[in-house]
Amino acid sequence: MVPHLITALNGPINELEARILESMPATERWFRLEWMEHTPTFYASVDLRNAGFKLAPVDTNLFPGGFNHLTAQMLPQAVQAAMAAIEKICPEARNLLLIPEPGEPCSFYLDNLATLARIFTQAGLNVRFGSLDPALTEPTELKLADGGTLTVEPLVRKRGRLMLKDFDPCTILLNNDLMAGTPPQLMGLHEQYLLPPLHAGWTVRRKTRHFRAYEEVAKRFAKLLGMDPWLINPMFTGVDLQGSKGLDALQSAADAQLTKVRRKYKEYGIQEKPFVIIKSDVGSFGRHVLTVRDAKDIEALATADLQGLGQELIVQEGVPTHERVHSAVAEPVVYMMDRYVVGGYYRVHAGRGIDESLNAPGASYVPLAFAESPHLPRPGEKPGASAPNRFYMYGVIGRLAMLAASYELEATDPQAEAEAA
């Protein structure tokens, strides 16, 4: 199943799909050479937007939840990718300590943790969960939606190692984006692999830095395919609200970004009203994401809206989504582990428009589009008619975003900076 694309402007996206399929050998060789030079992030999920005239990532999560939304048919691929990733990092690995997000977990997030445990158990690891919550002083069973249970245990720090009472892991997997800061328990670990590294958390990471790296990757990939990088790249700029010119700076940035988008729309004959998305430059779980169609509208923004955004902002070209699942607005989300695409789903929101964030309360998740994804792409098939082909195209863009994240983490690696000094 390929979701319905409700726009007459689906020519370019089909042309892009055809070009990517025709260039598959060159594309895969290009990725192979890139991964020889750069280390992929351990895992990631990428939110894409398909406008019909362009396909671009709008968010890259390096601590992805939502593995429970992948279809059962996709899990063997995730297991194989997990095996490949662990073999590269710690071939003799036996124990994996998984550290989840803090706070009271919802049932969906618990299902995500259970799915991750299932993947890594089948990859040959003993998996247990440790909590950073100081209030948790004894093993606690949490109930899963299917009637099963998941046990979370208090962490123990001993001689520079992080462990549980009777469980000493060589590998620690964070499913916690460190939005609240870097816990001291995770710092200065001795002979243990922490995945992803601490500087992948939002204490260090910035979306502007990521999309700057993605812009570089997109330009190089577009040159390989002989196309305009704008077709796969959302334009953006960063704004700091600190200082007396904060709001004026935001308005100027939005106006400049809208002008650039109008210019591109005119170049491609796109009859749509451009918009920009204003959001925090730090992870925000989809909250406080504002859609602006005219820079003058910023003057009318409520103080509460701006306070929720924080001081560091990104003003990003808005990419409308014209995909529909069961008549509701949808966007594809691609999941990767190591350098492999391991699945995906559609985030669907009946209460949101084509120019709004779908990562909001009320969203649902539909894996129907990728039901046939284990099949190989089928070159020569009519663009837009094949689920495997469309899935492959989404996977290419997702891997470009993951490669950009690798560039990003290399640039912010404190160890590399120390060695350079």
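Quantities reported herein were computed from a predicted structural model and do not represent experimental measurements.

## Side note on helix α2 (residues 24-37)
Counting along an α-helix, one turn takes 3.6 residues, and residues three or four places apart therefore face a common direction. Taking 1.5 Å as the rise per residue, α2 with 14 residues should run 20 Å; its terminal C-alpha atoms sit 20 Å apart, in good agreement. Taken together, the buried positions of α2 are occupied by Met-24, Thr-27, Trp-30, Phe-31, Glu-34 and Trp-35. Down the axis of α2, the buried set is contained in an arc of 130 degrees. They therefore lie on one face. When the buried face of α2 is taken as reference, the exposed residues oriented beyond 90 degrees from it are Pro-25, Met-36 and Glu-37.

## Comments concerning the nonpolar core
Counting 64 residues, the largest nonpolar core has Ile-99, Tyr-214, Ile-232 and Leu-400 as its most contacted members. A per-element tally of this core places helix α8 (residues 387-411) first, with 14 residues. Ignoring anything within four residues of it in the chain, the contact list for Leu-400 reads Trp-30, Phe-31, Tyr-214, Val-217, Phe-221 and Ile-232. Counting 39 residues, the second largest nonpolar core, distinct from the first, contains Ala-93, Phe-129, Leu-195 and Val-342.

## Description of the pattern of salt bridges
Summed over the entire model, instances satisfying the criterion amount to 17 salt bridges. The partner of Arg-399 in a salt bridge is Glu-28, with the nearest N and O atoms 2.9 Å apart. Taken together, the positions of Arg-399 in helix α8 and Glu-28 in helix α2 put the pair 371 residues apart, joining distant regions of the chain. On the basis of relative accessible area, Arg-399 is assigned to the buried category, the value being 9%. The exposure class assigned to Glu-28 is partly exposed, which follows from its relative accessible area of 25%. The salt bridge involving Arg-205 is made with Glu-408; its shortest N-O contact spans 2.7 Å.

## So, unusual backbone geometry
Of note, the amide linkage connecting Leu-195 to Pro-196 takes the cis form, showing an omega dihedral of -20 degrees. Position of Pro-196 relative to the elements: it lies in the loop between β11 (193-195) and α5 (207-225). In this structure, Glu-191 is a non-glycine residue whose phi angle is positive, near 55 degrees. One can find Glu-191 in the loop between β10 (171-174) and β11. On the basis of relative accessible area, Glu-191 is assigned to the exposed category, the value being 61%. One non-glycine residue, Ser-327, lies in positive phi territory at about 70 degrees. Counting through the fold element by element, Ser-327 comes out in the loop between β16 (323-325) and β17 (328-337).

## Structural notes on the packing of aromatic side chains
Scanning the model with the defined rule gives 15 aromatic pairs in all. Pairing Phe-42 with Tyr-43 gives two aromatic rings, centres 5.7 Å apart and planes at 70 degrees, and the pair type is edge-to-face. The positively charged end of Arg-399 is found above the aromatic ring belonging to Phe-31, 4.4 Å away from the centroid.

## Observations regarding the sheet that holds β10
As summarised here, the arrangement of the six strands in space is β6-β7-β5-β4-β10-β11, forming an open sheet in which the pairing is mixed. The sheet is open, and its two edges are formed by β6 (140-143) and β11, each paired on a single side. Across the sheet, the axes of successive neighbouring strands diverge by a mean angle of 35 degrees, strand direction being ignored. Here β10 runs beside β11; their pairing, made up of three bridges, is parallel. Each bridged residue has a counterpart across the sheet, and for Leu-173 the counterpart in β11 is Leu-195.

## So, the side chain of Arg-206
For Arg-206, the position within the fold is in the loop between β11 and α5. Note on Arg-206: relative accessible area 16%, which makes it buried. Other than its neighbours up to four places away in sequence, Arg-206 contacts Asp-281, Val-282, Glu-312 and Glu-408.

## Re the side chain of Asp-177
Along the chain, Asp-177 turns up in the loop between β10 and β11. One buried charged residue, Asp-177, forms no salt bridge at all, with the nearest opposite charge on Arg-205 at 8.1 Å. Here Met-179 takes part through its backbone nitrogen, which lies 3.1 Å from a polar atom of the side chain of Asp-177.

Reading the values: rules and limits
- Residues numbered from 1 in each chain as written.
- Predicted model: local features only at pLDDT ≥ 70, side-chain atom pairs only at ≥ 80, totals over all residues.
- Heavy atoms only, no water.
- Helix = DSSP H or I, 4+ residues; strand = E, 2+ residues; numbered from the N terminus.
- Expected span 1.5 Å × (residues − 1).
- Buried < 20%, exposed > 50% of the residue type's maximum accessible area, 1.4 Å probe, protein only.
- Arc of directions from axis to C-beta.
- Core = buried A, V, L, I, M, F, W, Y, C linked by side-chain atoms within 4.5 Å.
- Contact = heavy atoms within 4.5 Å.
- Salt bridge = Lys/Arg side-chain N within 4 Å of Asp/Glu carboxyl O.
- Phe/Tyr/Trp six-rings, centres within 6.5 Å; stacked < 30°, edge-to-face > 60°.
- Lys NZ or Arg CZ within 6 Å of the ring centre and 35° of its normal.
- Pairing = 2+ DSSP bridges.
- Axes fitted to C-alpha atoms, helices over the stretch in contact; angles between N-to-C directions.
- Lys, Arg positive; Asp, Glu negative; His and termini not counted.
- Polar contact = N/O pair within 3.5 Å; in protein donor to acceptor, adjacent residues only side chain to side chain.

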